[in-house]
Structures are given as structure tokens and as C-alpha cells.
Amino acid sequence: MSEVVRVRFAPSPTGYLHIGGARTALFNWLHARHTGGKFILRIEDTDQARNSDAAVEVILSGLRWLGLDWDEGPEFPVPSGPNRGQSGPYFQSQRTNRYLARASELKAAGHAYDRDGALFFRMPHDPITIEDQVVGNVVRPLTDREELDPDWVLIRSDGQPVFHFVNVVDDLEMGITDVIRGEDHLSNTAKHIALFRAFGIPPPRYAHIPLILNDDGSKMSKRNLGASLQHYIDQGYAPEAVSNYLCLLGWSPKDGQELFTTRELVERFDLGAVNRSNARFDLKKLDHIHFEHTRRMAKERFVELGVDALRRHGIETGNFTPTYVASALLTAQEKGKLFSELPAWTDFYFRADPAIIADEETRLKALPVSAKPQLEALLTAYTALPEFTAPALEAGLKGLAAQLGVKVGALVQPCRAAITGKLVGPSLYHLLEVLGREKVVFRLKSAIDRLNG
């Protein structure tokens, strides 16, 4: 019977979910889903001074936003927040007794001893070879300082177990088969392997993935605006576009394909294809991937994300029919804009009052008094139009332009400004059809009245 792959993501709840951590979670999740294995979420919250329930919720909501679900009913439910009581991850703070019991095992076997009120691990003096699925074999020799004293603390003098110890105990007891984490953890791995051996358990397979750097090659620190996953949520990127891009930071298929649905990523992800070199975060490439994803995504999904973006902006769509809301939002789908930009692009659909350009200088330019005759003629034409459809509206406007002896733009610009209160936006004829004759006529009349003074 083949082994079931078990991987884990183990973040510390200290404020926000780093984009590198999100990529690590994604690689673990994809490896589990690709192999039919299990993805375990474990919150490393033993540092009570730095942790908070709010920070835990940031991690959970970020993973859910990316579409990363975790397996197994954990020992303890989510302690607070909107998901209180729901099956949640493992929490290290709830497992202290397990760590102390395992420490006693090591002490009884002679692998640990007391010194200065703390419990120390007897670190082997022989070099340890780390067999890594990404980096390759890495031999960890002792440093000059460690030659004299390679031992390290398991349980501090205050009774708190250290990160390296609880990390191994959890991986051991949760049956983790593959540890996929950032390359910055590679230097700690020899300690972990030594602990597994002391427990008489083979260590898991390790895969240390490359770091994510800024576009200029510098390390992406917490101070960088784009280091937090929340930044991309707030900016209105499509979750599937962010997942797609993050996956390309360190992994790429042999055929060079770059655009993937989540389903395709699961089917094609191969841990053996993860690159060795560090990845640079290219915002322009992320924007391109978002653009392509939004243009290709199912209409229902686009509307779902669009309605959420409107709600975040204070625009409620509940007073409008689902058909109207969908039709309005879908006029913007081909534009490929960030969802945070969608409210400013489509809010005129959901206004009861006439659309007015706020900036007076722009308003006078877009809707000068000289445009009044054209708007009056357009009002007459659109009022009498047999069919209020995009093709009929386009034909009517172009026919009127020819009749008046003016360029089409001389009617398009004031019409858009009068109807939407904007200079740019979705296709004029399609947005007019969505609004409908009654609203269009009302807004044209309001604009004409304003030009009358």
C-alpha cells in the first residue's frame, strides 16, 4: 500500500500573512492535492507575548481567500472571530503536555540533560547530511563554536519549549511525510534531523523552496508594502490570479505555460520542478495574470467578486435584480481591472440621482453648453428608438451624427458624461442598454436642465 503524503503549513500569528508564507502554504496544498494526500494547518502560537486571536484570523481568512482548505478535524476549534466554533487548525499552545512528555522521553534515553535550569539536547558531533528534494544533498558540518558546545536548549528555564523542539514533535506526532518550507529554514534542519533520530523515527522528506525577493533583488521584508497578502486582497486582485502567480515564483512546467486555473495547478504541480534559484516578485507580471484571469473567468465568478468589491466600497446591490447587477458588472469584465477599481468604474449603474462629474473644470470640458443641441437631439432619438439594445443605440447615435454633420465623438463624449458622470468606462452602447430607456432618458433630461442653468 502506497504512503499517503502528509504536509503541513505552520505559521506564527504575529500580525499578518507574508506573501512568502502564502506561497509556502500554496506549495504544500498543491503537493497534497496533487498526490491525494493531506494538508495540515498548524498554528505555532507558543510565543504568547506576540500572538493574538486577531492574527490567527488573518491567517485563516487569507488561506480561505486563496482557496486553500485544510484537512482533518483538529484537536481544538478556532478560538475566536467570525469562524469561532468551526473546525480549525492545530494550535501549539494547546499541546504543551505533549512537548513536556516528549522531553522526558529524551531525558530518560540520555539524549537530553539539565543545565542552568533548562533542558538541553545532546547534539551529535558527526556531520549531518540533509537530503533535500529541491536543494539537493547538503552536508551540515559543525562550526568552530559548535565543536566546543553543539548542544542546544529544548525547554527554557521558564518552562517553555523552544520552536525547534515543538516543530519536530508536531511533525512526528502528526505523521508529516514531507516538510516544504522556505530556504531560510535550511540552516535549522540538521537540528531537526538529529531530534528525529533521537526519537528513533526517520525524518520526513525535506524540500526547501527558494525565497521571494523584491524586483530589484533585495530581500522582501515586512516593511515592504507588497509583503503582506492582505495588500493584494485590499487592492482587489482575483484570488485565483494571485495563486497562479505565486505558484510561478519558484515553479514552472516544462512547456512554459503560465496561465492556470486552480484545477490545472493541482493536476500539473510537481515538487521536483521547483527551481533552485530565488524568485523575484514582478508586479507587472502579476497584473498581467490578473488581467487574463478576469477576462477568462466564468461570468458567475466575476459577478461574485464584483458584488463583493462593491459592498466593500459601500455600494449595496440588494435593491436591484440579480440580472441587472450581473449585466452591469459584466460590461467591465473585458477591461481586466482590479476589483478595487470596479466600484469607480461601475457605480453609476447603482445611483438613483443624476450622474454629475464632480470636478467643475472637467465637467465644463465634457459637457459644455455648446453640447446642449446634440444632447437634445440624442434625447429625441433615444426616446423614439423602437428597440433599446446596444446595436440599435449605436446605429441611432451614428445616424444622428451623420444627420447633424458632426463626428461620432461629438455625441459619444457628452452622452457618456451625462449618463455616467465619467469620461471613460464600459462600452457606451452596452451600458446604455443595461441602464434601460427610463434611466437614460431621465439622465439626459437632467443634464440638459443643468446646461439650461
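If you're wondering where the values come from, they're calculated on a predicted model, not measured in any experiment. (Residues numbered from 1 in each chain as written. Predicted model: local features only at pLDDT ≥ 70, side-chain atom pairs only at ≥ 80, totals over all residues. Heavy atoms only, no water.)

This part takes up the packing of aromatic side chains. Any pair of aromatic rings gets described here by the distance separating the centres and the angle formed by the planes. The tally for this structure, following the rule as stated, stands at 16 aromatic pairs. Seen from their ring centres, Tyr113 and Phe120 are 5.9 Å apart, and the 20° between their planes marks the pair as stacked. With 5.1 Å between their ring centres and 85° between their planes, Tyr245 and Phe281 make a pair best called edge-to-face. With a gap of 36 residues between them, Tyr245 in helix α8 (residues 239-248) and Phe281 in the loop between β12 (279-280) and α10 (283-296) connect regions that are remote in the sequence. This pair shows no difference in class: Tyr245 is buried, exactly as Phe281 is. By the ring-pair criterion, three or more aromatic residues cluster together here, those being Phe320, Tyr324, Phe348, Tyr349 and Phe350. (Phe/Tyr/Trp six-rings, centres within 6.5 Å; stacked < 30°, edge-to-face > 60°. Helix = DSSP H or I, 4+ residues; strand = E, 2+ residues; numbered from the N terminus. Buried < 20%, exposed > 50% of the residue type's maximum accessible area, 1.4 Å probe, protein only.)

To continue, consider the environment of Leu286. Looking at where Leu286 falls in the secondary structure, it is placed in helix α10. Considered as a pair, Leu286 and Phe39 are 247 residues apart in the sequence and their alpha carbons are 26 Å apart. If near-sequence neighbours (up to four positions away) are discounted, Leu286 is found in contact with Tyr232, Tyr237, Ala241, Val242, Tyr245 and Phe281. (Contact = heavy atoms within 4.5 Å.)

Two side chains that carry opposite charge are able to pair once their charged atoms sit near each other. As enumerated under the stated definition, the model contains 28 salt bridges in all. Ionic pairing is found between Glu173 and Arg95, a salt bridge with its closest N-O pair at 2.9 Å. Of this pair, Glu173 sits in helix α5 (residues 163-173) while Arg95 sits in the loop between β3 (90-91) and α3 (96-108), and the two are 78 residues apart along the sequence. On the accessibility criterion, Arg95 (4% relative accessible area) is buried. (Salt bridge = Lys/Arg side-chain N within 4 Å of Asp/Glu carboxyl O.)

The subject of this paragraph is the pairing of strand β9 (residues 178-182). Counting buried positions along β9 yields five of five residues, so the element is predominantly enclosed. Alignment of β9 against strand β10 (residues 205-209), held across five bridges, turns out to be parallel. Opposite Val179, over in β10, you have Tyr206 as the bridge partner. (Pairing = 2+ DSSP bridges.)

Of all residues in the protein, 93% have pLDDT values of 70 or greater, and the mean over the chain is 90. Scored below 50 in pLDDT, residues 75-79 shows 22 contacts in the model against residues more than four places distant or in partner chains. Note on residues 81-86: pLDDT under 50 across the span, and twelve contacts to partners over four residues away in sequence or across chains. (pLDDT = per-residue confidence, 0-100.)

Because side chains alternate across strand β5 (residues 118-121), one face comprises the buried residues Ala118 and Phe120, and the other comprises Leu119 and Phe121, equally buried. Relative to β5, strand β4 (residues 112-115) is paired through four bridges, and the arrangement is antiparallel. Note that in β5 the partner of Arg115 across the bridge is Ala118. The turn joining β4 and β5, which pair antiparallel and follow one another in sequence, is formed by two residues; a positive phi near 55° is taken by Asp116. Here three bridges tie β5 to strand β8 (residues 152-155), and the two strands are oriented antiparallel to one another. The residue bridging Phe120 from the neighbouring strand is Val153, located in β8.

Another point: the sheet that holds β5. Sheet architecture is open: three strands sit in the order β4-β5-β8, paired in antiparallel fashion. For this open sheet the edge positions go to β4 and β8, each flanked by a neighbour on one side alone. Averaged over all pairs of adjacent strands, the angle between strand axes in this sheet comes to 45°, irrespective of strand direction. (Axes fitted to C-alpha atoms, helices over the stretch in contact; angles between N-to-C directions.)

Taken as a whole, the largest pocket spans an internal volume of roughly 970 Å³. As for the largest pocket, its lining consists of 33 residues, of which His18, Gly20, Gly21, Asp184 and His185 are closest to the centre. Secondary-structure elements contributing two or more residues to the lining of the largest pocket are β1 (6-9), α1 (19-35), α5 and β9. For the lining of the largest pocket, the element with the highest residue contribution is α1, accounting for five residues. (1 Å grid on protein atoms, 1.4 Å probe; cavity = no way out; pocket = protein on both sides within 12 Å on 5 of 7 lines; lining within 4 Å. Points joined across faces, edges and corners; volume = space filled by probe spheres on them.)

To continue, consider the sheet that holds β1. One key point about sheets: their strands pair by backbone hydrogen bonds, in either a parallel or an antiparallel sense. The three strands lie next to each other as β1-β2-β3, forming an open sheet whose pairing is parallel. This sheet does not close on itself; its edge strands, each paired only once, are β1 and β3. Relative to strand β2 (residues 38-43), β1 is paired through four bridges, and the arrangement is parallel. Each bridged residue has a counterpart across the sheet, and for Arg6 the counterpart in β2 is Lys38. The strands that α1 touches are β1 and β2; relative to β1, the one it contacts most, it runs at about 165°.

So, about α10. In this model, α10 (14 residues) spans 20 Å end to end at C-alpha, consistent with the 20 Å of a helix rising 1.5 Å per residue. Those residues of α10 lying buried are Leu286, Ile289, His290, Glu292, His293 and Thr294. For α10, the elements touching its buried residues are α7 (229-235), α8 and α11 (299-312). Where α10 begins, the side chain of Asp282 points an oxygen toward the backbone nitrogen of Lys284, at a separation of 3.1 Å. (Expected span 1.5 Å × (residues − 1). Polar contact = N/O pair within 3.5 Å; in protein donor to acceptor, adjacent residues only side chain to side chain.)

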